[in-house]
Amino acid sequence: MSAAEVPALTGVLETCLYHDSGERGEVERFYTEVLGLRAVARWPDGIAFRVGSGVLLLFDRSLLAERESAISAHGSTGPGHACLLAADRSAYEGWMRALAGHGIEITHEQDWERARRSFYFTDPAGNLLEIADGDLWPR
């Protein structure tokens, strides 16, 4: 199949991050209370948060590993990474203030090409999160 024959994809529907057993309550509070995300589904080893048109899935890595299912054949050791997109440049600044107000340390701020910026921080499970003020990647 040539590149011209490959069907198009329109976006990323879901992405996953992982936490250790015992961290679920703290992780869920962080994503709902600090980041203001809406939980749209819960099950024994995971929770799904709506982020724009996509979903961020957070799994208990130990419980997930116990499942014997084709759809649970994923996971990680150590922290993961996800970049969230601020609505616009003023929302980007607002996120920096909001996180500081929650005592969340911004670990790095990066200037990118095309006058874009992003900053990094961690969730309670140690996952590296990033908020960008626009699309950082070439089209």
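Residues numbered from 1 in each chain as written. Predicted model: local features only at pLDDT ≥ 70, side-chain atom pairs only at ≥ 80, totals over all residues. Heavy atoms only, no water.

1. Points about helix 3 (residues 89-101)
The cut-off we apply is this: Helix and strand definitions here come from DSSP, where helices need a minimum of 4 consecutive H or I residues and strands a minimum of 2 consecutive E residues; each element is numbered from the N-terminal end. A helix is expected to span 1.5 Å for every residue after the first. Three exposure classes are used, based on accessible area relative to the maximum for each residue type with a 1.4 Å probe and protein chains only: buried under 20%, partly exposed in between, and exposed over 50%. Summarising the geometry, the arc corresponds to the directions from the helix axis toward the C-beta atoms. Contacts were defined at the residue level, with two residues in contact if any of their heavy atoms lie within 4.5 Å.
For helix 3, which comprises 13 residues, the first-to-last C-alpha distance of 19 Å matches the rise-based estimate of 18 Å (1.5 Å per residue) to within 8%. If you check which residues of helix 3 are buried, you get Tyr 92, Met 96 and Leu 99. The buried residues of helix 3 occupy one face: seen down the axis, they fall within an arc of 75°. Opposite the buried face of helix 3, by more than 90 degrees, sit the exposed residues Ser 90, Arg 97 and Gly 101. Residues of helix 3 that are buried sit in contact with helix 1 (24-34), strand 6 (108-112), strand 7 (116-122) and strand 8 (128-132). Once helix 3 ends, the next one or two residues include Gly 103, with phi positive near 75°.

2. Re the pattern of salt bridges
The test is simple: Salt bridges are counted wherever a side-chain nitrogen of Lys or Arg sits within 4 Å of a carboxyl oxygen of Asp or Glu.
Summed over the entire model, instances satisfying the criterion amount to nine salt bridges. For the salt bridge of Asp 45 with Arg 67, the shortest nitrogen-to-oxygen distance reads 2.7 Å. With Asp 45 in the loop between strand 2 (38-43) and strand 3 (46-51) and Arg 67 in the loop between helix 2 (61-66) and strand 5 (81-85), this residue pair connects regions lying 22 residues apart in the sequence. For Arg 67, a relative accessible area of 30% corresponds to the partly exposed category.

3. Looking at helix 1
Among the residues making up helix 1, those that are buried are Val 27, Glu 28, Phe 30, Tyr 31 and Val 34. Gly 36, located one to two residues past helix 1, shows a positive phi value of around 70°.

4. Side note on unusual backbone geometry
Glycine aside, a negative phi is what most residues show, and trans is what most peptide bonds show. With a phi angle near 60°, Arg 114 is a residue other than glycine that sits in the positive phi range. Position of Arg 114 among the secondary structure elements: in the loop between strand 6 and strand 7. Residue classification places Arg 114 among the partly exposed residues on the basis of a relative accessible area of 47%. Of note, Ala 115 is a non-glycine position whose phi angle comes to about 60°, a positive value. Assignment of secondary structure puts Ala 115 in the loop between strand 6 and strand 7. Its relative accessible area of 55% is what places Ala 115 among the exposed residues.

5. Re the sheet that holds strand 7
Threshold: When DSSP finds two or more bridges between two strands, those strands count as paired. A fitted line through C-alpha atoms serves as each axis, taken over the contacting stretch for helices, and the angle formed by two N-to-C directions is quoted from 0 to 180°.
Sheet architecture is open: four strands sit in the order 5-8-7-6, paired in mixed fashion. Every other strand in the sheet has two partners, leaving strand 5 and strand 6 as the edge strands with one partner each. Strand after strand, the sheet turns through a mean of 25° between neighbouring axes, direction not considered. Strands strand 6, strand 7 and strand 8 of the sheet are contacted by helix 3, whose axis makes an angle of about 25° with strand 7.

6. A word on the nonpolar core
Nonpolar side chains tend to gather and get buried jointly when the protein is soluble and globular. Threshold: Residues grouped as a nonpolar core are buried Ala, Val, Leu, Ile, Met, Phe, Trp, Tyr and Cys residues, joined through side-chain atoms within 4.5 Å.
Counting residues in hydrophobic clusters, the biggest one holds 22 residues, and the most contacted among them are Phe 30, Tyr 31, Leu 35, Leu 99, Phe 121, Leu 129 and Ile 131. Secondary structure elements with two or more residues in this core: helix 1, strand 3, strand 4 (54-60), strand 5, helix 3, strand 7 and strand 8. In terms of residue count, the dominant contributor to this core is helix 1 (four residues). One finds Val 55, Leu 57, Phe 59 and Leu 64 within the second-largest nonpolar core, a separate group that totals six residues.

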